[in-house]
Amino acid sequence: MQGLLRSVWNEPRPPDASPRVWRDWALVGVLVPIAVLEGVLRPDLPWRALSVIITVGLVPTMLWRRTRPLLMVVIVFGTTSLAPLFTGGHRSETYTMAFLLLLVYALFRWGSGREAVIGLMIMLAAVGLSMAFYDLVPPDAVGAFVVMFSAIAMGTAFRYRSRARMRELDQVKLLEREQLARDLHDTVAHHVSAMAIRAQAGLATSASHPNAATEALRVIEAEASRTLAEMRAMVRLLRRNEPAELSPGWHITDLEQLAGRARVGPYVDVEISGDLDDLPPSVGAAIYRIAQESVTNARRHARHATCIEVRVAADDTAVRLRVSDDGDISSVRTVAAPGYGLIGMIERAGLLGGTCEAGPNPGRGWTVTAVLPRTGATT
């Protein structure tokens, strides 16, 4: 039990707590006129002017409920607990004050463990104070506790649901990093093997053909430079300490295997243009995997699609991929909640210094675009 309490007390704040957004300002803009309108239309509201002033004055706390949840709870519950001292023991009972439940939710959704514990003690003290000195009767206190703990339970549930999703996303990114590290491992092994073979050939022919030994050294120097660059990229990927799979990686030319029509689903048209010579294997494998995932997603989610176009264009600085379909954009695919496959594509492109984006077309269909630097990951 003591370990559980210590764990709760040391719980850090979630990393997804965002600052003020437009919805917060919109909420404040709606609550303020509602509070004023309630003061005008409720003749039974005691200390009407003061109650409206208190309510309107506390509404702006909604703007800081994510970044300063405990402070906002202290301000609201402290104010509502002390206000009856100036109203003859009558509490501010505007219906608009129901927004304080959002502050309770925010405390347990975005606050740290110690902030949640301290805030809970403050809220319980505020309710107990109202029961002891003001006009809060036990039945109303029970109802207040039920509503308050419902907001607490909802905030806690969404907090751990968000944490579970973040763990899943981290796992997807980690697996993508591991796969890319394995691809780079294959590349490095290829370069080292080439250096070893050229070194052996140079040694064998050095006596009779000195020029051949010089040419072998030039090849070894070039291969060593590329190997060093790939090694630096691989170190950045935080690869797990597991045996690497030495199977051959995918290349851009393997995209031709995606072309054609499957047993079910739309036709896939692949077109590759530009200079693909000396393209790093890691970039070629990334282009293939992003295209493969995009085609798979289109076949799975693009309703009534007849064709999927895969276009790859390479120039002196970058390789560009575009995968588009002509399906119904009213399907389940959305940009706001990307799936794990899209997250993996974005992660792989980012690790190589590129970008990957996905979204609906203006008319019909869905498009995935990726731009990777020709040199792959640097530094």
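Per chain, residues are indexed from 1 in the order of the written sequence. Predicted model: local features are reported for residues with pLDDT of at least 70 only, side-chain atom pairs are reported and counted for 80 or more only, and whole-chain, interface and lining totals are derived from all residues. Only heavy atoms go into the side-chain values, all of them from the structure, while hydrogens and water stay out.

Another aspect to go through is the packing of helix α2 (residues 22-41) against helix α3 (residues 48-58). The convention used is that axes are lines fitted to C-alpha atoms, helices contributing only their stretch in contact, and that angles between N-to-C directions extend from 0 to 180 degrees. Secondary structure elements are taken from DSSP: a helix is a run of H or I of four residues or more, a strand is a run of E of two residues or more, and numbering for both begins at the N terminus. Between α2 and α3, the least distance of the axes is 9 Å, while the angle of their chain directions is 170°. Considered as vectors, α2 and α3 are oriented roughly antiparallel to each other. Note on element contacts: α3 touches α2 through R48, V52, T55 and V56, opposite V32, A35, V36, G39 and V40. Its residues placed into classes, the contact of α2 with α3 shows six nonpolar, two polar and one charged. Note on angle classes: values under 35 degrees are labelled roughly parallel, values over 145 roughly antiparallel, values of 65 to 115 roughly perpendicular, and the remainder oblique. Any two residues whose heavy atoms approach within 4.5 Å are treated as being in contact. Lys, Arg, Asp and Glu make up the charged group, whereas Ala, Val, Leu, Ile, Met, Phe, Trp, Tyr, Cys and Pro make up the nonpolar group; the residues left over, Gly among them, are polar.

Pairing between two strands requires that DSSP report at least two bridges joining them. Taken in spatial order, the six strands line up as β1-β2-β3-β4-β6-β5 in an open sheet, and their pairing is mixed. Strand pairing shows two members of the sheet lacking a second neighbour, β1 (260-261) and β5 (355-360), which therefore form its edges. Bridge count for strand β4 (residues 318-325) against strand β6 (residues 366-373) is seven bridges, and the pairing is antiparallel. Counted as the bridge partner of L321 is A370 from β6. Lying on the sheet, helix α9 (residues 281-301) is in contact with β1, β2 (267-274), β3 (307-314), β4, β5 and β6; it crosses β4 at an angle near 10°.

To count toward a patch, a residue needs a relative accessible area over 30% and no salt bridge; like charges are then connected within 9 Å, while nonpolar side chains (Val, Leu, Ile, Met, Phe, Trp, Tyr) are connected within 5 Å. With residues, only the protein chains shown are counted as cover, and all accessible areas are computed by Shrake-Rupley using a 1.4 Å probe. A side-chain nitrogen of Lys or Arg and a carboxyl oxygen of Asp or Glu constitute a salt bridge if their distance falls within 4 Å. Residues V36, L37, V40 and L41 make up a contiguous nonpolar surface patch of roughly 380 Å² in combined accessible area. Examined against the element boundaries, L37 turns out to sit in helix α2. Here's how the labels work: a residue is buried when its accessible area is under 20% of the maximum for its type, exposed when over 50%, partly exposed in between, all with a 1.4 Å probe on protein chains only. L37 sits in the partly exposed class, given a relative accessible area of 48%.

Moving on to the nonpolar core. We call a set of buried residues a nonpolar core when its members are Ala, Val, Leu, Ile, Met, Phe, Trp, Tyr or Cys and they connect through side-chain atoms within 4.5 Å of each other. Ranked by size, the top nonpolar core spans 30 residues in total, and within it L255, I287, V310, V319 and L321 carry the most contacts. Secondary-structure elements contributing two or more residues to this core are β2, α9, β3, β4, α10 (340-351) and β6. Per element, the largest residue contribution to this core is eight residues, and it comes from α9. Not counting residues up to four positions away in its chain, the partners in contact with I287 are I252, L255, V312, V319, L321 and L372. Membership of the second largest hydrophobic core comes to 26 residues, among which are L58, V73, V104 and L107.

Even without a glycine there, the phi angle at W47 is positive, about 50°. Within the secondary structure, W47 is located in the loop between α2 and α3. Not every positive phi belongs to a glycine, and H304 is a case in point at roughly 60°. According to the relative accessible area criterion, H304 is exposed, its value standing at 65%.

Pairing of β5 with β6 involves six bridges; the strand directions are antiparallel. Considered in β6, the bridge of G359 is made with T367. Hairpin remark: β5 followed by β6, antiparallel, with five residues in the connecting loop; positive phi at G365, about 95°.

Turning our attention to the UniProt feature "transmembrane region" (unreviewed entry) in the chain. Cross-referencing UniProt, the feature "transmembrane region" (unreviewed entry) maps to residues 70-88, 94-110, 117-136 and 142-160 in the present numbering. The straight-line gap between the two end C-alpha atoms of residues 94-110 is 27 Å; of that span, 65% is helix and 0% is strand. End-to-end, the C-alpha atoms of residues 142-160 are 27 Å apart, and along that stretch the chain is 100% helix and 0% strand. UniProt positions are given in the numbering used here, feature names are shortened, and annotations may be inferred rather than shown by experiment.

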